[in-house]
Structure formats: C-alpha cells, structure tokens
Amino acid sequence: MGSPRSPSQFVCLVAYHIFFMLFVWSYWKTIFTLPMNPSKEFHLSYSDKESLEREPRGESQQEVLRRAAKDLPIYTRTMSGAIRYCDRCHLVKPDRCHHCSVCDKVNNCVGFSNYKFFLLFLAYSLLYCLFIAATDLQYFIKFWTNGLPDTQAKFHIMFLFFAAAMFSVSLSSLFGYHCWLVSKNKSTLEVFRAPIFRHRTDKNGFSLGFSKNLRQVFGDEKKYWLLPVFSSLGDGCSFPTCLVNQDPEQASTPGGLNATSKSENHLFPAKPLRDSQSHLLTDAPSWPETAAKADKGKVGKELTYAAIIGVV
C-alpha cells in the first residue's frame with residue numbers, strides 16, 4: 001500500500017482539477033461560440049439596394065446610405081466621414097463592427113459573443129501554468145542540488161517547470177493587455193485606429209468609466225463573472241458612448257465640451273439607445289442574456305465587436 005497523502009497534497013490535487021476544469025470550460029466556450037451577426041435592421045431594404053446599385057459611387061450613394069441609417073443607433077464613420085457600409089454583406093455596419101478574422105490561438109473569431117470567454121480562457125490558463133510552476137518549483141530546485149533520484153523522471157520535472165514558466169510569462173503579458181483594453185472599453189483595432197465619429201476622432205469615445213466598462217463585458221451579477229457563461233451587456237450591434245450620454249464617472253467630456261453645449265449644438269444626435277445600453281448609464285441592475293441567445297444560431301462572417309486577430 002502507498003503512504004497516505006498529506007493534507008497539502010490533497011489541497012493541491014483539488015486545486016489542480018478546479019483550475020483545469022475552468023481552463024477547459026472557458027476554452028471550449030471560446031472556440032465553439034459562434035460570432036454574432038448584425039440584426040436585420042442594419043440590412044438594406046430591396047429598394048435601397050436597387051437605388052445603391054443604380055447610383056454612381058460618391059455623394060449620391062452616400063445619400064442613399066444616410067437615408068437608410070437615419071434611424072439606426074450608429075455614431076462612427078469612415079475616415080472620409082461617410083457611412084460605414086459593407087459591400088459583401090450589403091448592410092450598414094454597426095459601430096465597432098468588422099469582418100471577422102480567425103484567431104490562431106482559438107481557431108475562431110473573437111468578438112462580442114465570446115470575448116468574455118476569451119478573457120477567462122487567458123485568466124485560467126495563466127493560473128493553471130502558475131500553479132504547475134509553483135508546485136513543481138521545489139522539485140526543480142532539488143534537480144539542481146542533486147536531491148532527486150537519478151532517473152529519467154527528473155528531466156520531465158525540468159521540462160515541465162520551464163514550459164509552465166514560459167507560458168506564464170507569455171500569458172501574463174497578453175492577459176494584462178486585454179485587462180487594460182477592458183478597463184478602457186477598447187478593441188484591439190480601436191487601439192491602432194481610433195474610432196471616427198461624425199465630427200471628430202476620439203480614442204475614448206466608447207469608454208464609460210472603469211466600473212461600467214467592466215460591467216459591459218462581464219455583466220451586472222458578480223456571481224457570473226468568473227464562470228464561462230454569457231453575461232455581457234448589450235446586443236453587440238450598438239454601444240453607449242460618452243459622446244452621446246454624459247457619464248458621471250467621466251471627469252470631463254471629450255474635446256472639453258460639456259453636456260449642455262453638445263446638446264445645444266447637436267454634434268452627436270441623441271438617437272434612442274436599446275434598453276441594455278441605456279441601463280448602463282443608470283444604477284438599475286439587470287443581466288440581459290436573451291439578446292445574445294437570439295442571434296447565437298446565425299452563422300456569418302461579420303463580427304459585432306472588433307476581432308482581436310493580430311494581437312494573440
């Protein structure tokens with residue numbers, strides 16, 4: 001019979017399986033959650049498509065797009081100030097929407113529907129590697145002090161420690177970067193190219209303050225934050241901006257304009273926000289999950305949150 005295990009070994013065994021289960025669960029949700037498509041309201045009607053095809057490129061086409069987008073909750077524009085339109089999908093692009101790119105690490109598009117899962121995957125894979133490196137450290141030290149039996153197993157110990165340590169360094173930098181993105185409410189594309197609104201470019205146009213930026217990704221109910229279940233706020237097609245609604249957590253509005261002057265000048269028309277967005281600007285708690293589930297079965301190549309390809 002083997003010797004009885006110590007309490008510390010039992011704790012390590014339980015912790016190992018917890019980290020491993022959460023790591024596999026979050027990875028599974030990341031790679032098998034389908035990217036969401038823009039809702040039907042962003043697609044052009046048949047008459048608008050015909051008008052767009054008849055008109056020559058330029059201002060005449062923009063007039064058709066402006067008419068189609070006048071009631072849509074969009075605030076961003078192209079570099080030339082035009083309505084963002086997708087020629088392949090034949091729709092007006094929602095804010096922060098780009099064609100998806102497959103991330104090599106997870107073999108899937110990373111967007112609004114699975115961004116929380118991707119963050120948890122990075123977090124739990126980092127904890128998993130740190131746990132392995134920490135529990136293997138004492139044996140790694142014994143390896144260099146000749147405290148281990150002279151068997152082939154000691155080389156496995158050395159390899160395991162180096163692999164876990166190197167992955168920990170790589171994952172910590174990537175996870176830290178995405179934590180910063182969440183705190184600023186930015187996608188990776190918005191870091192390299194700030195979103196362009198109707199009258200200006202503003203790199204912090206979608207930031208509502210740290211706590212609300214965090215809630216937009218993880219949701220209102222903290223009991224779901226650490227679990228790979230969908231709890232993000234919003235519908236993935238429209239997002240509240242500090243340019244449209246003044247947020248009490250923002251020290252000042254972009255460009256030094258106060259809320260009164262923006263309201264009077266109508267720089268950014270106050271289009272109605274969806275319920276899931278408007279509630280971000282209040283203190284009423286909610287956890288809208290139905291919006292994501294409604295579009296989960298749609299398969300397409302349009303992300304509703306900028307893909308993070310090129311960074312991971």
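All figures in this text were calculated on a predicted structure; none of them were measured in a lab.

Trainee: Would you take a moment to explain helix α3 (residues 59–69) for this structure?
Mentor: Think of an α-helix as turning once every 3.6 residues; residues three or four places apart then point the same way. Every buried residue belonging to α3 is among Gln 61, Gln 62, Val 64, Leu 65 and Ala 69, and all of these are buried. Summarising the axial view, the buried residues of α3 lie within an arc of 155°, below the 170-degree limit, and thus occupy one face. Tucked into the core, α3 has its buried residues touching α2 (46–54), β2 (85–86) and β3 (91–92).

Trainee: Quick question: what am I supposed to make of unusual backbone geometry here?
Mentor: Keep in mind that most residues, glycine aside, have a negative phi and that most peptide bonds are trans. Within the chain, His 90 stands out as a residue other than glycine whose phi angle is a positive 55°. Using a relative accessible area of 34% as the deciding quantity, one classes His 90 as partly exposed. For Arg 96, which is not glycine, the phi torsion reads 65° and is therefore positive. Looking at the element boundaries, Arg 96 is found in the loop between β3 and β4 (98–99).

Trainee: How should the packing of aromatic side chains be read in this particular structure?
Mentor: What describes a pair of aromatic rings is the distance from one ring centre to the other and the angle between the planes of the rings. Under the definition given, this model contains 17 aromatic pairs. Their ring planes at 75° and their centres at 6.3 Å tell us that Phe 112 and Phe 239 sit as a pair that is edge-to-face. Pair noted here: Phe 112 is in the loop between β6 (108–109) and α4 (115–144) and Phe 239 is in the loop between α7 (210–218) and α8 (259–265), with a separation of 127 residues, a long-range link. The exposure class of Phe 112 is buried, given its relative accessible area of 6%. Note on Phe 206 and Phe 239: the rings are 6.3 Å apart at their centroids and 80° apart in plane angle, and the pair reads as edge-to-face. On the criterion of sequence distance, the pair formed by Phe 206 in the loop between β7 (196–197) and α7 and Phe 239 in the loop between α7 and α8 is long-range, its members being 33 residues apart. Each member of the pair Phe 206 and Phe 239 is classed as buried. An aromatic cluster is present here, built from Tyr 16, Phe 20, Phe 23, Tyr 27, Phe 118, Phe 121 and Tyr 128 joined pairwise through their rings. Over the ring of Phe 206 we find Arg 96, and its NZ or CZ is 4.4 Å from the ring centre. Just above the ring of Phe 239 sits the side chain of Arg 96; from NZ or CZ to the centre is 5.0 Å.

Trainee: Before we go on, may I ask you to explain the UniProt feature "transmembrane region" (unreviewed entry) in the protein chain in this structure?
Mentor: UniProt records the feature "transmembrane region" (unreviewed entry) for residues 6–28, 117–135 and 155–177 in the present numbering. Structurally, residues 6–28 comprises 96% helix and 0% strand, and the distance from its first C-alpha atom to its last is 33 Å. Across residues 155–177, the secondary structure splits into 100% helix and 0% strand, with the terminal C-alpha atoms separated by 34 Å.

Trainee: Is there a simple way to explain the nonpolar core in this structure?
Mentor: Taken as a class, soluble globular proteins show a tendency for nonpolar side chains to be buried jointly. Tyr 115, Phe 118 and Phe 218 are the most contacted members of the largest nonpolar core, which has 20 residues in total. The set of elements that each furnish at least two residues to this core consists of α1 (7–32), α4, α5 (153–184) and α7. Considering every element that reaches this core, the biggest residue donor is α4, with nine residues. In terms of nonpolar packing, the next biggest core, distinct from the first, is built from twelve residues, Phe 42, Leu 44, Ala 69 and Cys 237 among them.

Calculation rules
- Residues numbered from 1 in each chain as written.
- Predicted model: local features only at pLDDT ≥ 70, side-chain atom pairs only at ≥ 80, totals over all residues.
- Heavy atoms only, no water.
- Buried < 20%, exposed > 50% of the residue type's maximum accessible area, 1.4 Å probe, protein only.
- Helix = DSSP H or I, 4+ residues; strand = E, 2+ residues; numbered from the N terminus.
- Arc of directions from axis to C-beta.
- Contact = heavy atoms within 4.5 Å.
- Phe/Tyr/Trp six-rings, centres within 6.5 Å; stacked < 30°, edge-to-face > 60°.
- Lys NZ or Arg CZ within 6 Å of the ring centre and 35° of its normal.
- UniProt positions renumbered as here; feature names shortened; annotations may be inferred.
- Core = buried A, V, L, I, M, F, W, Y, C linked by side-chain atoms within 4.5 Å.

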